[in-house]
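Letter by letter, the chains look like this.
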Amino acid sequence: MDYSTFSIPQIRQLLLDKKATAVEITKFFIEKIKLIDPKIKAFITITEKEALEKAAEIDKKITNNETIGKLAGSIMAVKDIFLTKDIETTASSQLLKGYIPQYSSTVCQKLLDQDAIIIGKTNTDPFAFGGSTENSGFFTTKNPWNLDMIPGGSSGGSAAAVSANLCHFALGTDTGGSIRQPASLCGVSGLKPTYGLNSRFGITAMASSFDCPGVFARSVDDIATVTQITAGHDKKDATSTHQTIPDYSSLLDSVNLKGLKIGLPKEYFTDAINPEVKAKVLEAAKVLESQGTILKEVSLPSTNLGLAVYYILVPSEISANMSRYEGIRFGQTVPDSSNIISYYMNIRGQFMEPEVKRRIIIGTYALSSGYYDAYYTKAAKVRTLIKQEFEKVLADVDVILAPVSPTTAWKIGEKCSNPLEMYLADAYTVCINVAGVPSLALPCGFNSNNLPIGFQLIGNFFEESKIMSIGHQYQQITDYHLQISKI
Amino acid sequence: MSSSKITLETLDHIAKLARIKLSDQEKEVFLPQLESVIESFDILNSVNTDNVSPTFRVIEESNPLREDVVGESFTQKQALSATSNTKDGYFVVTNTIKK
Amino acid sequence: MKITPIIGLEVHVELKTKSKMFCGCKAEHFHVDPNTQTCPVCLGLPGALPVPNRTACEWCIKLGIALGCTPNLTSFFERKNYFYPDLAKGYQLTQFEKPFVVNGKLVIDGQEIRINRAHMEEDTGKSVHITNNGQDLTLIDYNRSGVPLVEIVSEPDITSAEMAKKYLLKIQQIIRYLGISDADIEKGSMRCEPTINLKIEDNGQEFFTPLAEIKNVASLTGVQTAIDFELNRQLEEFKQTGEGKSKTNKTTRGWDADKNQTFLQREKEGSSDYRYFPEPDIPHIAFTAAQIDTIKSTIPELPDEKIIRYQKDFGLNDYDANLITQDINFAASFEKAIGQKPSIEMAKFIANLFIGSLKTYLNESQEELDIYKINPEYFKNLFDSVSKSEISSTVAKQVIIESYTTGIDPVEIAKSKGLIQVSDSGEIEKFAKEVITNNPKAVEDYKKNSMSIGFLIGQLMKASKGSANPKMAKEILEKIL
Ligand SMILES: [Mg+2]
Ligand SMILES: [Zn+2]
């Protein structure tokens, strides 16, 4: 039986009805991964042993008629920047090669406590610095829809794993589009929640005021189920929300599309966007219009400032967040150096990938004396303006609908030579992180080369249930999210 | 402010501040890349931000404080488990006061 | 040539909270096995996040208010970036732009010393430098990493090493009154870094010598000697080089307690540019005026206020008031002993017992004064019998200690030891007659020279085992003879 086509609740039901055991399900996915992953290389580590142990544990619970977790039997892939106790965590960087964490990230722990099964750790750009997985210290993941193409990134491994049906859901992080962009380039669904909805504790930090852990799955349905578990305050993360978490799954049909106002920001539908992508995204809007929603052109005038704000503030925070990687308490070491400064410089010079060095240097520069006000403070002020624009527009319309990526997946190596061009690919995702609002990326078709295209539904702060309800209803009348590449 | 050209000296100074050793080839590659990136920041100069206050955190829920209670700590073994740089219960590095 | 020292002090104080500043590890780290009190947060492991300790923040504000500072209702933490192995995250969480409390002052010998700020930060780990078969190594223990520190920054208003020492003692006394730290310089729970230069006025011209910050001074006397040494060194150097202060020539010097001299310390490279920016992992911290008032209300009466009150209400002199208020427990015991609304006479009498008797006893026996052993009743009884001159003040000084150690009423002790003064003339006359018959020679002498009565009085006192009231003894002897 192909267990990859079942939803999370269905898998749990299979176990309860004794139609399958967790071990059978786990073995099925391990076989599938061994067969398919060598082609796409989504995984850095496959945790066969741990997965089978966990599965056996669940089956034992069932035979003993003990209650099983809400995610029992579901197979999850975890971006390799989430710390997993006793399971190697590399952040796809040579710096952390061989690092076995002494603790687990809160989000992973919450999911394990609900009997989800970790099948492996997925590839990403190092420390999530990038948009294609090409910066990974180990290898580049390939797009399941076309093996010559990038899967997007930074959470490219997780997106590819879901796209190729190698798991039921996968964890990623979205700092400037790292969930939404790979989701749409791989034709799966992905949620970037409101900043602070999911705990960041135990996830290697990129930009602390931007990072949003989130989930990939085929359907919004499964995303709701998983987010139900991950969301909420964590006393170990002072920036995690104290808001009470609604029952997302039961609210999936709650939003009435009739008369619902959807804003289309004109700055997101310019000629800078690939015509095929533009057409498909507008088509998605039309589908929702056919359900009685009202489409309305809106304006987010500061959109063109988003990248500059993002690429000042994010590297600045990165430059400090990366200082702990100096080879003393964990990670790679080098033989004794003449003095401590050269020890630091050797470790970091030898094991940091180029993009890691680039971002630390940009950030150090932006924070260094004489430049701080011109760059950091200025960017932080413009951040206020961008946030205010979103609040203004979202007071006028219910949600914003926009493309995720200006193009479909590009050829591996195509943009490597020019980081700035690579950064431009984030043009339609970064502003959402600058503002901190939630956004749900959904598949909405394919281009002429059969490469997936996605769009995003952007809601106001903590309106995940609203955008998920709209997305869910969209997926009831479309089947793009069910398409599977033939590999 | 107009984008200040990044000299090799600046790059060396910043790399030292950030404790990253760069090879000459890396510097050659990075210099123009950093320049173009930092140049792209100039777009912000056109924005009037007088009496706009900066945003450092998008969500500001008050009371991030924890009560003063002792929780769990690592054992010495756990603390030292992730590196080979250890000696007699300590982490060890090359002498820090040595020139 | 007029020379004025310009001295500012940075004082770091480790708070004795139960847990560390940003994690739940134990804060007390003195004589603990290395790296046994650490966690992802204070080890700076990947993905770890700081959550600030409420008590530490409140104590910082409390201390600031006690130092006359004004609280900032909204405050936040910032990252101070520099690389050093004992700094786990590669940045220290501290407060730069918006500290909890600002603009206070202390008055030392009538001179005002402005306090710029008291801010909250975290301590670093400890480094031990060793040589291991020819190899120079640094061992690091992160137990101290993340322990709450309050940094108190003075303006450069201090004008002598002696004043610096008094300023430190005052801060230490206030901290101990608040009970938020043992502020022990030898143990390192209180640390002091003076920044020093000289103002030199020479026929109408003004010069300033380059700033020097002095590190690792580990004792109170050390602070004084280090400052004095540095002041002289700078003067000598100026006489030779004539180099003046500039933005770039501030140096960091270490204090060598063995050689009793400061030496140039190579500054941490690049540490000059700390790249401060607001800590994104911790939302800003806001206190309401009401919360501040609650914190204020936990501040006890501070020494300076006590001294004034003791002088005003109990007529103590400045010196005695200072002695009694040095330690809050000693002052509290004194206030317990004198009871409610004591007469000035009684308060003074009891003050003398505390200073003249108890303090000496405690110093010799190295004991802490136990306030529960102080019984106001006893002190009152003792005062009454002394004023009725049943007990001499000398006897009072002895018996109060025995009373303190045994818990017995001092007057009872005096009685049981026959130390009560006999003021009954009949009694004394018996002794007088006895003495006169036993000492005919002395009586002769007295007849010749009335001044020699002293000997007879002495004999009478002896006969009465010191219990006779000397004044009456004299009168009665004179009467009989
Ligand atoms: Mg400090
Ligand atoms: Zn800790």
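The rules behind each value
Residues numbered from 1 in each chain as written. Chains lettered and ligands numbered in written order. Predicted model: local features only at pLDDT ≥ 70, side-chain atom pairs only at ≥ 80, totals over all residues. Heavy atoms only, no water. Helix = DSSP H or I, 4+ residues; strand = E, 2+ residues; numbered from the N terminus. Rg over C-alpha atoms; globule rule 2.2 N^0.38 Å. Buried < 20%, exposed > 50% of the residue type's maximum accessible area, 1.4 Å probe, protein only. Areas by Shrake-Rupley, 256 points an atom, 1.4 Å probe, with all protein chains shown as cover. Lys, Arg positive; Asp, Glu negative; His and termini not counted. Charge placed at Lys NZ, Arg CZ, Asp CG, Glu CD. Axes fitted to C-alpha atoms, helices over the stretch in contact; angles between N-to-C directions. Parallel < 35°, antiparallel > 145°, perpendicular 65-115°, else oblique. Contact = heavy atoms within 4.5 Å. Nonpolar A, V, L, I, M, F, W, Y, C, P; charged D, E, K, R; others polar. Donors = N, O, S within 2.8 Å, 3.2 Å for Na, K, Ca; no water. Tetrahedral: all angles 85-135°; square planar, octahedral: opposite > 155°, others 65-115°. Buried area = accessible area lost by both parts, 1.4 Å probe. Salt bridge = Lys/Arg side-chain N within 4 Å of Asp/Glu carboxyl O. Polar contact = N/O pair within 3.5 Å; in protein donor to acceptor, adjacent residues only side chain to side chain. Pairing = 2+ DSSP bridges. Core = buried A, V, L, I, M, F, W, Y, C linked by side-chain atoms within 4.5 Å. pLDDT = per-residue confidence, 0-100.

**Concerning the overall build of chain C**
Stage number 1. Along chain C, the regular secondary structure elements total 15 helices and 17 strands.
Stage number 2. Computed over the C-alpha atoms, the radius of gyration of chain C is 31 Å, more than 25% above the 23 Å expected from 2.2 N^0.38 for a compact globule of 481 residues.
Stage number 3. Taking the principal axes of the C-alpha coordinates as reference, chain C spans close to 95 × 55 × 55 Å.
Stage number 4. Every one of the 481 residues in chain C was classed for burial, and the buried ones make up 54%.
Stage number 5. Accessible surface computed for chain C: about 21,200 Å², of which carbon and sulfur atoms make up 52%.
Stage number 6. Between the averaged position of the 58 positive side-chain charges in chain C and that of its 67 negative side-chain charges there is a distance of 3 Å.

**A few points about the overall build of chain B**
Stage number 1. Assigned secondary structure in chain B consists of three helices and two strands.
Stage number 2. Element order for chain B, N to C, with α for helix and β for strand: α-α-α-β-β.
Stage number 3. On C-alpha atoms alone, chain B measures out to a radius of gyration of 23 Å, which is more than a quarter above the 13 Å that the 2.2 N^0.38 rule sets for 99 residues.
Stage number 4. Dimensions along the principal axes, computed over C-alpha positions, put chain B at roughly 55 × 45 × 25 Å.
Stage number 5. For chain B, with 99 residues in total, the buried portion stands at 47%.

**Focus: the packing of helix H8 (residues 275-290) of chain A against helix H15 (residues 464-477) of chain A**
Residue and element names in this part refer to chain A.
Stage number 1. At a minimum axis separation of 11 Å, H8 and H15 run at an interaxial angle of 90°. When the axis of H8 is compared with that of H15, the two are roughly perpendicular. Listed contacts from H15 to Ala284, Val287 and Leu288 of H8 are Ile470, Tyr474 and Ile477.
Stage number 2. Split by residue class, the contact of H8 with H15 holds six nonpolar, no polar and no charged.

**Observations concerning the coordination of the zinc ion (ligand 2)**
All names here are of chain C.
Stage number 1. Taken together, Cys23 (SG), Cys25 (SG), Cys39 (SG) and Cys42 (SG) make up the full set of protein donors to the zinc ion (ligand 2), lying 2.3 to 2.4 Å away.
Stage number 2. The site at the zinc ion (ligand 2) holds four donor atoms, and with the angles between them running 102 to 115°, its shape is tetrahedral.
Stage number 3. In terms of primary sequence, the donors binding the zinc ion (ligand 2) are separated according to C-x1-C-x13-C-x2-C. Taken together, the residues span a long stretch of sequence, with Cys23 in the loop between strand E1 (2-14) and helix H1 (54-66) and Cys39 in the loop between E1 and H1 at a distance of 16 residues.
Stage number 4. Under the relative-accessibility criterion, Cys23 is labelled buried at 5%.

**What to know about the coordination of the magnesium ion (ligand 1)**
Residues and elements named next belong to chain C.
Stage number 1. Donor atoms from the polypeptide that coordinate the magnesium ion (ligand 1) comprise Glu121 (OE), Glu121 (OE) and Glu151 (OE), at 2.0 to 2.6 Å from the metal. You can see Glu121 sitting in strand E7 (residues 111-122) and its partner Glu151 sitting in strand E10 (residues 148-154), a full 30 residues away along the chain. One exposure class covers both Glu121 and Glu151, and it is buried.

**Some remarks on the interface of chain B and chain C**
Stage number 1. Facing the 37 residues of chain B at the interface are 54 residues of chain C.
Stage number 2. Carbon and sulfur atoms make up 58% of the area that chain B and chain C hide from each other, which totals about 4,000 Å².
Stage number 3. Among the salt bridges present, the one from B:Glu67 reaches C:Arg54, with a minimum N-O distance of 2.8 Å.
Stage number 4. For the pair chain B and chain C, the interface holds 17 residue pairs in polar contact (both at pLDDT 80 or more).

**Section: the side chain of A:Ser199**
All names here are of chain A.
Stage number 1. Of note, Ser199 is situated in the loop between strand E5 (189-192) and strand E6 (212-217).
Stage number 2. Residue Ser199 is classed as buried on the basis of its relative accessible area of 1%.
Stage number 3. A polar atom in the side chain of Ser199 sits 3.0 Å from the backbone nitrogen of Phe201.

**Points about the sheet that holds strand E4 (residues 169-174) of chain A**
Consider a sheet: its strands pair through backbone hydrogen bonds, and that pairing is either parallel or antiparallel.
Residues and elements named next belong to chain A.
Stage number 1. Pairing within the open sheet is mixed, and its 11 strands lie in the order E1-E3-E2-E4-E6-E5-E10-E11-E9-E7-E8. The open sheet has two edge strands, strand E1 (43-46) and strand E8 (294-298), and neither has a second partner. Direction aside, the axes of adjacent strands within the sheet are offset by 30° on average.
Stage number 2. When E1 meets strand E3 (residues 117-122), the two strands line up antiparallel, connected through three bridges. Paired with Ile46 across the bridge in E3 is Gly120.
Stage number 3. Each of E1 and E3 touches helix H3 (residues 48-63); the most contacted strand, E3, lies at about 160° to it.

**Here's the deal with the nonpolar core**
Stage number 1. A:Phe390, C:Ile152 and C:Tyr167 are the most contacted members of the largest nonpolar core, which has 281 residues in total.
Stage number 2. Apart from residues no more than four positions distant in its own chain, C:Ile152 is found in contact with C:Leu9, C:Glu10, C:Val11, C:Val13, C:Leu63, C:Leu67, C:Ile115, C:Arg117, C:Ala118, C:Tyr167 and C:Ile171.

**What about the confidence of the model for chain C?**
Stage number 1. Of the residues in chain C, 99% reach a pLDDT of 70 or more, and the chain-wide mean stands at 92.
Stage number 2. Taken over the whole predicted complex, pTM reads 0.92, whereas the ipTM for its chain interfaces reads 0.97.

**Things to note about the pairing of strand E8 (residues 126-132) of chain C**
All names here are of chain C.
Stage number 1. Two strands pair when backbone bridges link them, and E8 and strand E9 (residues 135-141) are joined in this way by seven bridges, in the antiparallel orientation. Counted as the bridge partner of His129 is Thr138 from E9.
Stage number 2. Linking two consecutive strands that pair antiparallel, namely E8 and E9, is a turn of two residues; a positive phi of about 25° is found at Asn133 within it.

**A word on the pattern of salt bridges**
Stage number 1. Throughout the structure, instances matching the rule amount to 59 salt bridges over all chains.
Stage number 2. A:Lys19 is the salt-bridge partner of A:Asp17, the closest N and O atoms lying 3.6 Å from each other.
Stage number 3. For A:Lys466, the salt bridge is made with A:Glu463, and the minimal N-O distance between the two is 3.6 Å.
Stage number 4. When its relative accessible area of 23% is taken as the criterion, A:Glu463 is described as partly exposed.
Stage number 5. When salt bridges that share partners are traced, they join A:Arg200, A:Asp237, C:Arg79, C:Glu279 and C:Asp281 into one network.

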